[in-house]
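What follows is the residue order along each chain.
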Amino acid sequence: AKKSGRNSVFAFEKIMEDRVMRRAETEMALKRAIRNDSIVPYYQPLIDLRSGEIRGFEALARWEAGPNHIIPPSDFIELAEDAGLIVELSERLLRAACRDAMAWPDSIRLAFNISPIQLSDRQMGLRIMNVLMETGLPPQRLEIEITETALVRDMDSATAILGELQAAGIKIALDDFGTGYSSLSQLSKFRFDKIKIDRSFVTGFETDKKREDIVRAILGLGQGLGISTTAEGIEEDHQLDFLKSIGCDFGQGYLFGKPVSADETRQLLEHRGSA
Ligand code: C2E
Ligand code: CA
Ligand code: CA
Ligand code: CA
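What counts and what doesn't
Residues numbered from 1 in each chain as written. Chains lettered and ligands numbered in written order. Predicted model: local features only at pLDDT ≥ 70, side-chain atom pairs only at ≥ 80, totals over all residues. Heavy atoms only, no water. Donors = N, O, S within 2.8 Å, 3.2 Å for Na, K, Ca; no water. Helix = DSSP H or I, 4+ residues; strand = E, 2+ residues; numbered from the N terminus. Buried < 20%, exposed > 50% of the residue type's maximum accessible area, 1.4 Å probe, protein only. Axes fitted to C-alpha atoms, helices over the stretch in contact; angles between N-to-C directions. Parallel < 35°, antiparallel > 145°, perpendicular 65-115°, else oblique. Left-handed = near helix turned anticlockwise from the far one by under 90°. Contact = heavy atoms within 4.5 Å. Nonpolar A, V, L, I, M, F, W, Y, C, P; charged D, E, K, R; others polar. Core = buried A, V, L, I, M, F, W, Y, C linked by side-chain atoms within 4.5 Å. Near = heavy atom within 4 Å. Polar contact = N/O pair within 3.5 Å; in protein donor to acceptor, adjacent residues only side chain to side chain. Areas by Shrake-Rupley, 256 points an atom, 1.4 Å probe, with all protein chains shown as cover. Patch = residues over 30% accessible without salt bridge, like charges linked within 9 Å, V, L, I, M, F, W, Y side chains within 5 Å. Salt bridge = Lys/Arg side-chain N within 4 Å of Asp/Glu carboxyl O. Lys, Arg positive; Asp, Glu negative; His and termini not counted. Charge placed at Lys NZ, Arg CZ, Asp CG, Glu CD.

Going by what an unreviewed UniProt entry lists, the protein is known as Diguanylate cyclase (GGDEF)-like protein and is assigned to Rhizobium paknamense.

Below, the structure written as structure tokens:
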């Protein structure tokens, strides 16, 4: 019994060792991918629901690991955060996205996600402004999207950085609105320019009428505060019809288009037109 106990301790150690090794390898691969720009922004159109025109694109990170192998952000953003690589990754993505956006008409905005961790980095405002200057993208064309956890984590630092960006003309959007435990209180802590209503509310319309009521209430809240609203995850016509009927400003979802490569944005802009 003693011997097999010791063996299982060894077996356990071996498993842990393998796990540490695998993690180190994945981190190395991620670092390489960041440095050789294998992680690139894809773009999903943001639609003005009144005119039906494209008003902007949200940049969404994709790891192009091979010819037919694209790794989604859910598989590497958290790893990048844990490995201390998110600041570098994000800066490279933003630079690429701003360059791509420079090829779009002036009326087309760029929405860019930043992770809560980055709002603890006091240099964040400066980093973003530097990339804008370097690429020539006017701050008015950039929208930064953050989730409410950013404010929960380090309020003072986050509001200081967001305030700096806003003063420079960059718009700040509160992403995934309604999914956290304190969405409403976030609105009193910082003057957001936009609210993005989480996909989970839009998806459930047909099965759950209460979600329609919630979306209607969020729109009312936005209108009361003078904040524009974007609905995420619009996949079906009846969802779009409802959102238009209650006056939602902007929409995004597979109904309009999935995220595409930078090259494909040009075709989209030609076909759909722009304001
Ligand atoms: P998010 O910011 O909420 O982005 C919207 C996600 O919903 C995207 O997933 C998009 O592809 C997906 N989506 C859009 N329309 C539809 C629809 O109609 N139906 C369905 N089922 N899904 C839809 P994606 O690209 O996998 O990104 C996931 C999350 O990863 C993003 O959620 C964002 O939080 C994070 N992310 C992506 N790029 C970056 C980045 O550059 N930096 C950081 N920090 N986070 C990023
Ligand atoms: Ca987003
Ligand atoms: Ca979102
Ligand atoms: Ca999300």
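**Q** Explain the coordination of the calcium ion (ligand 2) residue by residue, including any values.
**A** Coordination of the calcium ion (ligand 2) by the protein involves Glu 58 (OE), Asn 113 (OD1), Glu 145 (OE) and Asp 175 (OD), with metal-donor separations of 2.1 to 2.4 Å. Taken in sequence order, the residues that donate to the calcium ion (ligand 2) follow the motif E-x54-N-x31-E-x29-D. In this structure, the calcium ion (ligand 2) lies 4.0 Å from the calcium ion (ligand 3), and both are coordinated by Asp 175. Taken together, the residues span a long stretch of sequence, with Asn 113 in strand 4 (residues 109-113) and Asp 175 in strand 6 (residues 171-177) at a distance of 62 residues. Note on Asn 113: relative accessible area 26%, which makes it partly exposed. Judged by its relative accessible area of 8%, Asp 175 falls in the buried class.

**Q** Could you give an account of the coordination of the calcium ion (ligand 4), with specific residues and numbers?
**A** Around the calcium ion (ligand 4), the protein supplies Asp 176 (OD) and Asp 176 (OD) as donor atoms, at distances of 2.7 to 3.0 Å. If you look at the calcium ion (ligand 4) and the calcium ion (ligand 3), they sit 3.7 Å from each other and are both ligated by Asp 176. Position of Asp 176 relative to the elements: it lies in strand 6.

**Q** Can you tell me about the packing of helix 3 (residues 86-101) against helix 4 (residues 124-135), naming the residues and giving the values?
**A** Contact pair helix 3 / helix 4: the axes reach a minimum separation of 9 Å and the direction vectors enclose 30°. If you check the angle between helix 3 and helix 4, you find them roughly parallel. The element helix 3 and its partner helix 4 pack so that their crossing is right-handed. For the pair formed by helix 3 and helix 4, the contact residues are Val 87, Glu 91, Leu 94, Arg 95, Cys 98 and Arg 99 on the first element and Arg 127, Ile 128, Val 131, Leu 132, Glu 134 and Thr 135 on the second. Within the contact of helix 3 with helix 4, the residues separate by chemical class into six nonpolar, one polar and five charged.

**Q** An account of the nonpolar core is requested, with residue identities and associated values reported.
**A** A general tendency of soluble globular proteins is for nonpolar side chains to be buried together. Ranked by internal contacts, the top residues of the largest apolar core, which has 70 residues, are Ile 39, Leu 110, Leu 142 and Ile 144. In terms of residue count, helix 3 provides more of this core than any other element does, seven residues in total. Not counting chain neighbours up to four residues away, the residues in contact with Leu 142 comprise Leu 94, Leu 110, Phe 112, Ile 128, Leu 132, Leu 137, Ile 170 and Lys 171.

**Q** Now, about the site of ligand 1: what can you tell me, with residues and values included?
**A** Contacts to ligand 1 come from 21 residues, most closely from Gln 44, Arg 62, Asp 175, Glu 235 and Tyr 254. One nitrogen or oxygen atom from the main chain of Ala 61 is found 3.1 Å from a nitrogen atom belonging to ligand 1. Measuring from an oxygen atom of ligand 1, one finds a side-chain N or O atom of Asn 113 at 3.1 Å. Computed on the free molecule, ligand 1 has an accessible area of 810 Å², of which 80% lies beneath the protein chains in the complex.

**Q** Talk me through a negative patch on the surface; I want residue IDs and the actual numbers.
**A** Together, Glu 235, Glu 236, Asp 237 and Asp 241 make up a negatively charged patch on the protein surface. Looking at where Glu 235 falls in the secondary structure, it is placed in the loop between strand 8 (228-231) and helix 10 (237-245). Under the relative-accessibility criterion, Glu 235 is labelled partly exposed at 39%.

**Q** Go over the packing of helix 4 against helix 6 (residues 155-167) with me, naming the residues and quoting the values.
**A** Contact geometry for helix 4 and helix 6: axes closest at 9 Å, N-to-C directions at 25°. One finds that helix 4 runs roughly parallel with respect to helix 6. As helix 4 runs across helix 6, the sense of the crossing is right-handed. Contact with helix 4, carried on its side by Met 124, Gly 125, Leu 126 and Ile 128, involves Ile 161, Glu 164 and Leu 165 of helix 6 and no other residues of that element.

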